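Remarks on the overall topology
Single-letter residue listing:
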Amino acid sequence: MENYDLYLNPAKPAIGLCVRAGAGLSDLADAKDWVFGGTVEKDSLPSEVVKAVEANGHAFRDMD
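Residues numbered from 1 in each chain as written. Predicted model: local features only at pLDDT ≥ 70, side-chain atom pairs only at ≥ 80, totals over all residues. Heavy atoms only, no water.

Helix and strand counts for the chain stand at 1 helix and 4 strands. Reading the secondary structure of the chain in the N-to-C direction produces β-β-β-α-β. On C-alpha atoms alone, the chain measures out to a radius of gyration of 11 Å, which is about the 11 Å that the 2.2 N^0.38 rule sets for 64 residues. Along the first, second and third principal axes, the C-alpha atoms of the chain reach 30 × 25 × 20 Å. Classification of the 64 residues of the chain by burial places 28% in the buried group. (Helix = DSSP H or I, 4+ residues; strand = E, 2+ residues; numbered from the N terminus. Rg over C-alpha atoms; globule rule 2.2 N^0.38 Å. Buried < 20%, exposed > 50% of the residue type's maximum accessible area, 1.4 Å probe, protein only.)

Along the polypeptide, Asn 9 turns up in the loop between β1 (3-8) and β2 (15-20). With relative accessibility at 5%, the residue Asn 9 sits in the buried group. A distance of 2.9 Å separates the side chain of Asn 9 from the backbone nitrogen of Ala 11, its partner in a polar contact. Beyond its immediate stretch of four places on either side in the chain, Asn 9 contacts Ile 15, Asp 33 and Trp 34. (Polar contact = N/O pair within 3.5 Å; in protein donor to acceptor, adjacent residues only side chain to side chain. Contact = heavy atoms within 4.5 Å.)

Pairing geometry for β1 and β2, over 5 bridges, is antiparallel. For Tyr 7, the partnering residue across the bridge sits in β2 and is Leu 17. Hairpin remark: β1 followed by β2, antiparallel, with 6 residues in the connecting loop. Of the pairings in the sheet, the one linking β2 to strand β4 (residues 58-62) comprises 5 bridges and is antiparallel in character. From the neighbouring strand, Leu 17 faces β4, where its bridge partner is Phe 60. (Pairing = 2+ DSSP bridges.)

The structure is reproduced here in C-alpha cells:
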C-alpha cells in the first residue's frame, strides 16, 4: 500500500499538505512553516489529492 506524509501549518489549520512518504518538503519555499502530522494510507485520501500528488509531487488538502 502506498503511503503519503501529511504536513500541517499551525497558522493555517484548515489546510494540510500531502507528499509521497519520505519525500519531504525540500522544494517548498516556506517549508519551515509546516510540521509533520503523520503518515496516511492512499485509501484514506480523497482521489483528487492522490492524483494531484502524482502529477505535482504535492497536494493541498482541506482539513475541515
